[in-house]
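# Structural characterization, general
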Amino acid sequence: MRLIKEFKEFKSMKKIVYIDMDDTICHYSIKRSKNLLSDPSNQFPQSVPGFFLDLDPIYGAIESIELLKEKYDVWILTRPSVKNLHCYTEKATWIKKHLGEDMVAKLILSPNKSLLKGSYLVDDTTAHGNSEFEGELIQFGTDKFNSWKDVTNYLL
């Protein structure tokens with residue numbers, strides 16, 4: 001009887017989906033490019049405190065994450081900027097503002113995303129261990145997954 005109960009609990013567990021932040025749910029590169037144009041002497045504008053606080057969300061990202069949370073165990077998995085240690089707090093602040101406090105508790109910062117276990121990783125790049133991730137990499141911004149609508153349709 002105990003084994004049946006444990007099997008049912010295991011079977012009802014939601015699959016884990018990790019979602020990157022920069023250029024996947026918010027416009028990192030656009031802000032970085034604008035800052036480089038306005039101050040070419042600073043080649044690392046993301047190193048300036050405050051950089052991550054006001055990144056614009058990518059169209060459809062917030063709504064898609066809310067939909068995915070109904071079927072999946074959704075986590076935010078983002079790479080920290082080691083040149084701006086404020087980014088840890090700034091990314092958490094951004095998540096709280098746009099996705100709510102419950103998602104701050106599900107924020108992971110890791111320089112190597114292949115270290116985590118899960119079913120899916122939604123990210124804009126294959127770098128930083130992404131291509132070695134044990135689950136399926138859904139590369140955001142490609143022909144197949146050009147928008148959040150594409151990602152949501154695929155996963156739901």
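Provided above is the structure to which this section pertains.
Below is a short write-up of the structure. Since this is a predicted model, take the numbers as computed values, not measurements. (Residues numbered from 1 in each chain as written. Predicted model: local features only at pLDDT ≥ 70, side-chain atom pairs only at ≥ 80, totals over all residues. Heavy atoms only, no water.)

### Some points on the overall build of the protein chain
Operational definition: Strands are runs of DSSP state E lasting at least 2 residues, helices are runs of H or I lasting at least 4, and numbering of each runs from the N terminus. Any pair of residues with heavy atoms lying within 4.5 Å of one another is described as a contacting pair. All accessibility values rest on the Shrake-Rupley procedure with a 1.4 Å probe; residue burial counts only the protein chains present in the view.
The number of helices and strands found in the protein chain is six helices and five strands. Counting from the amino terminus, the protein chain carries its helices and strands in the arrangement α-β-α-α-β-α-α-β-β-β-α. If you line up the protein chain on its principal axes, its C-alpha atoms span 65 × 30 × 30 Å. Within the protein chain, residue pairs in contact and separated by at least 24 positions form 63% of the contacts whose partners lie at least 6 positions apart. Accessible surface computed for the protein chain: about 9,100 Å², of which carbon and sulfur atoms make up 56%.

### Here we look at the packing of helix α3 (residues 61-71) against helix α6 (residues 148-155)
Here is the rule we go by: Helix axes use the C-alpha atoms of the stretch in contact, all axes being lines fitted to C-alpha atoms, and the angles between their N-to-C directions lie in the range 0 to 180 degrees. Angle categories: roughly parallel below 35 degrees, roughly antiparallel above 145, roughly perpendicular from 65 to 115, and oblique for all the rest.
Between α3 and α6, the least distance of the axes is 9 Å, while the angle of their chain directions is 10°. What the angle tells us is that α3 and α6 run roughly parallel. Residue-level contacts link Ala61, Ser64, Leu67, Leu68 and Lys71 of α3 to Trp148, Thr152 and Leu155 of α6.

### Brief notes about the nonpolar core
Test applied: As used in this record, nonpolar core signifies buried Ala, Val, Leu, Ile, Met, Phe, Trp, Tyr and Cys residues forming a set joined through side-chain atoms within 4.5 Å. The rule is simple: take the accessible area with a 1.4 Å probe, protein chains only, and divide by the maximum for that residue type; under 20% is buried, over 50% is exposed, in between is partly exposed.
Counting residues in each nonpolar core, the largest one holds 32 residues, and the members touching the most others are Ile19, Ile25, Ile76, Ile95, Val122 and Trp148. Elements with a contribution of two residues or more to this core: β1 (16-19), α3, β2 (73-78), α4 (87-99), β4 (120-123) and α6. Take this core: its biggest share by element is five residues, from α4. Not counting chain neighbours up to four residues away, the residues in contact with Ile95 comprise Met21, Ile25, Ile76, Gly100, Met103, Val104 and Leu107. The next biggest cluster of nonpolar side chains, apart from the first, holds five residues, and it includes Leu77, Leu116, Leu121 and Phe133.

### A closer look at the pairing of β2
Quick reminder of the rule: Strands were regarded as paired on the criterion that DSSP finds at least two bridges between them.
Here β1 runs beside β2; their pairing, made up of four bridges, is parallel. Bridge pairing links Ile16 to Asp73 in β2.

### Structural notes on the pattern of salt bridges
Stated formally: Every case where a carboxyl oxygen of Asp or Glu lies within 4 Å of a side-chain nitrogen of Lys or Arg is listed as a salt bridge.
Applying the stated criterion across every chain yields a total of nine salt bridges. Lys91 is paired through a salt bridge with Asp22; the nearest N and O atoms lie 2.8 Å apart. With Lys91 in helix α4 and Asp22 in the loop between β1 and α2 (28-38), this pair connects stretches of sequence that are 69 residues apart. Take Lys91: its relative accessible area is 0%, and that puts it in the buried class. Take Asp22: its relative accessible area is 13%, and that puts it in the buried class. Across the pair Glu101 and Lys96 runs a salt bridge, and its minimum N-O distance is 4.0 Å. Each of Asp20, Lys113 and Asp123 takes part in salt bridges that share partners, so that together they form one network.

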